[in-house]
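# Remarks on the overall topology
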Amino acid sequence: MRASGTATRCLLRSIAIGAIAAAAACKPVESPQATDASAAGQTTPETRTTPRFPDGVVRLDRVPGEKGYWAPSSSPSLIEKGVEVAMDEHGLLKNIDDAPKVAPFMPWSLALYTYRQRNGLKDDPVQYCLPPAGPRHLQAPGGFRIVQDRNFKRVYVLFGGGNRNWRVIFLDGRKPPDPDEVFGTYYGHSIGTWEGDTLVVKSTGFNERFWFSNGGLPHTAALSLTERFSRPDFDTLVYEVTIDDPYTYTRPWTSEWTMKWVRDGEIAEHFCEDNRP
């Protein structure tokens, strides 16, 4: 009986060892190429590349047969690039002592910005249904679209905030108007050109009836904006703006943020007159 039990244990042990060996033999071998691709961060099937027109120009809006729009920005308010200060979604500073860090103010503009902040942004013209103009319209709730009219060589920026306003950017080669000969508007007069895959827009001719950031940044009619729109992949829009107002700021300064594409979505209808307190 003892010999028989020993033989049985040996048999079971041989079977177990054989099963382990078989499992090891059946284990898939990881492809060096797959490992290299993962380490290199190559795109997955879910990631889509930058959409383009047949001639190679970047599409900044939907592709035919699909829906979508750009969501609000990654930054709650306009602030100089590289500066970190805490503020809420309305552009209200957590610490008023951070006000001088936001932009290179002149003494009078810092005083006005600080006053608006201390006053809780109560005088914001948007509350009276005036347009959220300047870079602010790209940070307004509701998102926006950038519609490229290639027949008439212009771009329309349509957005859900305010009163469903829109902005026109001309790409027909015209020269910027003489600031002394134009009537200032909320969105200015915008002229665009393509530099590679980046749409560069220069805008002048603004009026002074709006806040060009939700936090209350001041400006004068001398305000000039240089904007850069780029779409490095299907779901990302990078926006950079350089602000030049020699009567308000000590030097030109730049701000930057990103927006994400909301797939299969539509801009929500919103009218200021229906939502006033």
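Residues numbered from 1 in each chain as written. Predicted model: local features only at pLDDT ≥ 70, side-chain atom pairs only at ≥ 80, totals over all residues. Heavy atoms only, no water.

Looking now at the pairing of strand β9 (residues 253-263). Pairing of strand β1 (residues 68-70) with β9, which is carried by three bridges, proceeds in the antiparallel orientation. Across the sheet, residue Tyr69 finds its bridge partner in β9, namely Val262. Bridging between strand β8 (residues 236-244) and β9 involves eight bridges; their strand directions are antiparallel. By the bridge assignment, Val241 is partnered in β9 with Ser255. (Pairing = 2+ DSSP bridges. Helix = DSSP H or I, 4+ residues; strand = E, 2+ residues; numbered from the N terminus.)

Next up on the list: the pattern of salt bridges. Summed over the entire model, instances satisfying the criterion amount to 14 salt bridges. Via salt bridges that share partners, Lys81, Glu240 and Glu256 belong to a single interconnected network. (Salt bridge = Lys/Arg side-chain N within 4 Å of Asp/Glu carboxyl O.)

Moving on to the nonpolar core. The biggest cluster of nonpolar side chains holds 43 residues, and the ones touching the most others in it are Val102, Phe144, Leu217, Phe229 and Ile243. When residues of this core are traced back to their parent elements, those giving at least two are α3 (99-102), β2 (144-149), β3 (154-159), β6 (198-204), β7 (224-233), β8 and β9. Those residues within four positions of Phe229 in sequence are excluded, and the remaining contacts are Leu60, Leu138, Ile146, Arg167, Asp197, Thr198, Leu199, Val201, Leu237, Val238 and Tyr239. (Core = buried A, V, L, I, M, F, W, Y, C linked by side-chain atoms within 4.5 Å. Buried < 20%, exposed > 50% of the residue type's maximum accessible area, 1.4 Å probe, protein only. Contact = heavy atoms within 4.5 Å.)

Another aspect to go through is the pairing of β6. For β6, a buried count of five out of seven residues is recorded, marking the element as mostly surrounded by other parts of the structure. Looking at chain direction, strand β5 (residues 189-195) and β6 are connected through seven bridges and run antiparallel. Bridged to Ser190 within β6 is Ser203. Between β5 and β6, which pair antiparallel in sequence order, lie two residues; one of them, Gly196, sits at a positive phi of approximately 65°. By the bridge criterion, five bridges tie β6 to β7 in an arrangement that is antiparallel. Along β7, the bridge assignment pairs Lys202 with Thr226.

Now for the confidence of the model for the protein. Counting all residues, the mean pLDDT for the protein is 85, and 82% of those residues have values of 70 or more. In this model residues 1-41 is a low-confidence stretch, pLDDT under 50, and it forms two contacts with partners more than four residues away in sequence or in other chains. (pLDDT = per-residue confidence, 0-100.)

Turning to the side chain of Asp88, a few remarks are in order. Looking at the element boundaries, Asp88 is found in the loop between β1 and α3. The buried charged residue Asp88 lacks any salt bridge partner; its closest oppositely charged side chain belongs to Lys94, at an N-O distance of 5.3 Å. Here His90 takes part through its backbone nitrogen, which lies 2.9 Å from a polar atom of the side chain of Asp88. Within polar-contact distance, the side chain of Asp88 engages the backbone nitrogen of Leu92 at 2.9 Å. (Lys, Arg positive; Asp, Glu negative; His and termini not counted. Polar contact = N/O pair within 3.5 Å; in protein donor to acceptor, adjacent residues only side chain to side chain.)

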